[in-house]
Amino acid sequence: MPQQMPYIPSEVIFEILLRLPVKSLVRFRSVSKSWLSLLSSPQFINTHLNFSRNNHKDVPHKLLLLAPEQISSEKKCALYSSVSGKTSVDCVDLDYPVKSPGCVTQFIGSCDGLVCLSVENSLILWNPSTRIWKEIPKEPPFMNQDCFFTYGFGYDEWNDDYKLVLVYSSKNKNSENEVKVYSLKANSWKGIKSFHSGYVYSNSGVLVNGVVHWDTRPHPDFNGCHHSIVSFDLATEKQGKLDLPSYHEHEDVHWDLMSSGDQSLFGFCHCESQGEVDIWVMKEYGVEESWTKFASVAYYVIPGIFYLPLYINKDGDVLLINGQSLVLFNTRNNMCKDLQIHIPDTRRRIDLATYNESLVSPVFDDEDGCTLW
């Protein structure tokens with residue numbers, strides 16, 4: 001008689017699957033209908049996400065890099081296995097949604113394995129691990145031509161929802177910043193009370209502790225050089241404001257914000273007259289007095305520091321483009337590690353996102369999205 005397979009309780013199967021990487025779980029969806037149902041259930045997806053957060057804190061982020069040569073050809077972005085610098089870095093080409101040769105593509109943000117990107121006139125929410133994506137409904141354009149718009153993306157823990165924030169910032173001195181919020185759960189946009197807090201002229205917002213942050217600059221016709229941070233709490237949908245470290249009023253500076261694993265807020269102050277970049281960290285979130293400068297890097301030490309850094313980890317290692325190489329710069333000893341990744345020498349046109357693998361879906365039902373393969 002054929003030997004009968006031993007019975008394994010469903011609770012044990014659940015615990016085993018919980019510990020497997022996303023790549024394996026995606027394959028195991030084909031094992032049976034019951035496994036497909038389990039691995040697609042919100043309970044398993046959320047439990048797997050929380051288990052990964054709590055037990056795999058040192059797992060390196062995946063790195064998505066868009067360079068002009070990828071943008072102009074077959075609509076591919078490079079996927080690198082690590083940005084920690086502690087392991088080897090492998091590279092594969094990964095297709096992403098809404099292909100259109102020559103169109104402008106920009107990463108908006110990432111959270112819980114979901115990557116939000118803008119492809120020409122489309123907004124896309126995409127899980128590179130499962131390759132499921134969704135096109136976000138378009139928001140009617142703001143008709144004021146004399147304005148700049150920027151986005152922020154993240155997770156609203158209170159309402160178990162992912163939200164995209166759109167900020168229209170006018171160059172006019174007495175104008176307010178218009179704010180609209182897209183809810184993935186509701187699949188719709190809504191207007192939020194506007195705020196007046198300087199000119200939000202920055203790249204996509206930086207997510208820390210469920211709050212999106214943008215650096216603000218004085219309006220062109222303002223006197224002075226005071227810079228600050230405007231924030232938006234995704235759960236309460238309220239705006240806030242934080243001051244950046246102060247510099248002499250005649251100092252020619254500009255700021256870039258970054259986060260480290262959605263935990264710490266960093267500020268890169270470019271002091272062009274001094275020829276250096278000061279790197280600050282807010283050690284206690286929300287407490288302006290806790291801003292601490294832990295590194296100053298002269299442009300001549302590594303020219304790539306002059307441009308917008310791509311990523312910073314919790315130890316203060318900064319990912320930079322130096323010439324045609326991607327390097328990890330150690331701010332503690334001014335040493336560089338070449339990651340052996342060749343890129344075009346077009347620093348300002350490189351776009352990057354980091355993410356952790358997850359099963360989180362950008363759609364709430366089987367009919368409301370697309371899969372790439």
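Residues numbered from 1 in each chain as written. Predicted model: local features only at pLDDT ≥ 70, side-chain atom pairs only at ≥ 80, totals over all residues. Heavy atoms only, no water.

A. Highlighting a nonpolar patch on the surface. Taken together, the side chains of I8, V12 and I16 define a hydrophobic patch exposed on the protein surface, amounting to about 240 Å² of accessible area. You can see V12 is positioned in helix α1 (residues 10–18). (Patch = residues over 30% accessible without salt bridge, like charges linked within 9 Å, V, L, I, M, F, W, Y side chains within 5 Å. Areas by Shrake-Rupley, 256 points an atom, 1.4 Å probe, with all protein chains shown as cover. Salt bridge = Lys/Arg side-chain N within 4 Å of Asp/Glu carboxyl O. Helix = DSSP H or I, 4+ residues; strand = E, 2+ residues; numbered from the N terminus.)

B. Spotlight on the side chain of H48. Assignment of secondary structure puts H48 in helix α4 (residues 42–55). Not counting residues up to four positions away in its chain, the partners in contact with H48 are L17, L18, L20, V22 and L25. (Contact = heavy atoms within 4.5 Å.)

C. Representation of the packing of α1 against α4 in the model. It is at 10 Å that the axes of α1 and α4 come closest, and there the two elements cross at 50 degrees. The angle between α1 and α4 places the two elements in the oblique class. Regarding α1 and α4, the two cross each other, and that crossing is right-handed. Side by side, α1 and α4 meet where F14, L17 and L18 of the first sit next to F44, T47, H48 and F51 of the second. (Axes fitted to C-alpha atoms, helices over the stretch in contact; angles between N-to-C directions. Parallel < 35°, antiparallel > 145°, perpendicular 65-115°, else oblique. Left-handed = near helix turned anticlockwise from the far one by under 90°.)

D. Geometry of the pattern of salt bridges. Applying the stated criterion to the full structure yields 6 salt bridges. The partner of K163 in a salt bridge is D156, and the shortest N-O contact between them spans 3.0 Å. Through salt bridges with shared partners, one network takes in D156, K163, K190 and E237.

E. The arrangement of the sheet that holds strand β11 (residues 188–195) in detail. Across the sheet, 4 strands lie side by side as β8-β9-β10-β11; this open sheet has antiparallel pairing. With partners counted over all chains shown, the strands left at the sheet margins are β8 (147–156) and β11, one partner each. Across the sheet, the mean angle from the axis of one strand to that of its neighbour is 20 degrees, orientation sign disregarded. (Pairing = 2+ DSSP bridges.)

F. Broad picture of the packing of aromatic side chains. Summed over all chains, the structure comprises 10 aromatic pairs. With centroids separated by 6.2 Å and ring planes inclined at 55 degrees, the aromatic side chains of F149 and Y168 adopt a geometry described as tilted. Note that F149 is positioned in strand β8 and Y168 in strand β9 (residues 161–170), a separation of 19 residues in sequence. The partly exposed category is assigned to F149, whose relative accessible area is 45%. Note on Y168: relative accessible area 7%, which makes it buried. Seen from their ring centres, Y182 and W189 are 5.6 Å apart, and the 50 degrees between their planes marks the pair as tilted. Each member of the pair, Y182 as well as W189, carries the same accessibility label: buried. Ring-pair connections join several aromatic residues into one group, and the members of that group are F149, Y151 and Y168. (Phe/Tyr/Trp six-rings, centres within 6.5 Å; stacked < 30°, edge-to-face > 60°. Buried < 20%, exposed > 50% of the residue type's maximum accessible area, 1.4 Å probe, protein only.)

G. Quick look at unusual backbone geometry. Although it is not a glycine, D112 sits at a positive phi angle of roughly 55 degrees. Position of D112 among the secondary structure elements: in the loop between β4 (105–111) and β5 (114–119). Taking the relative accessible area as the measure of exposure, D112 reaches 16% and is therefore buried.

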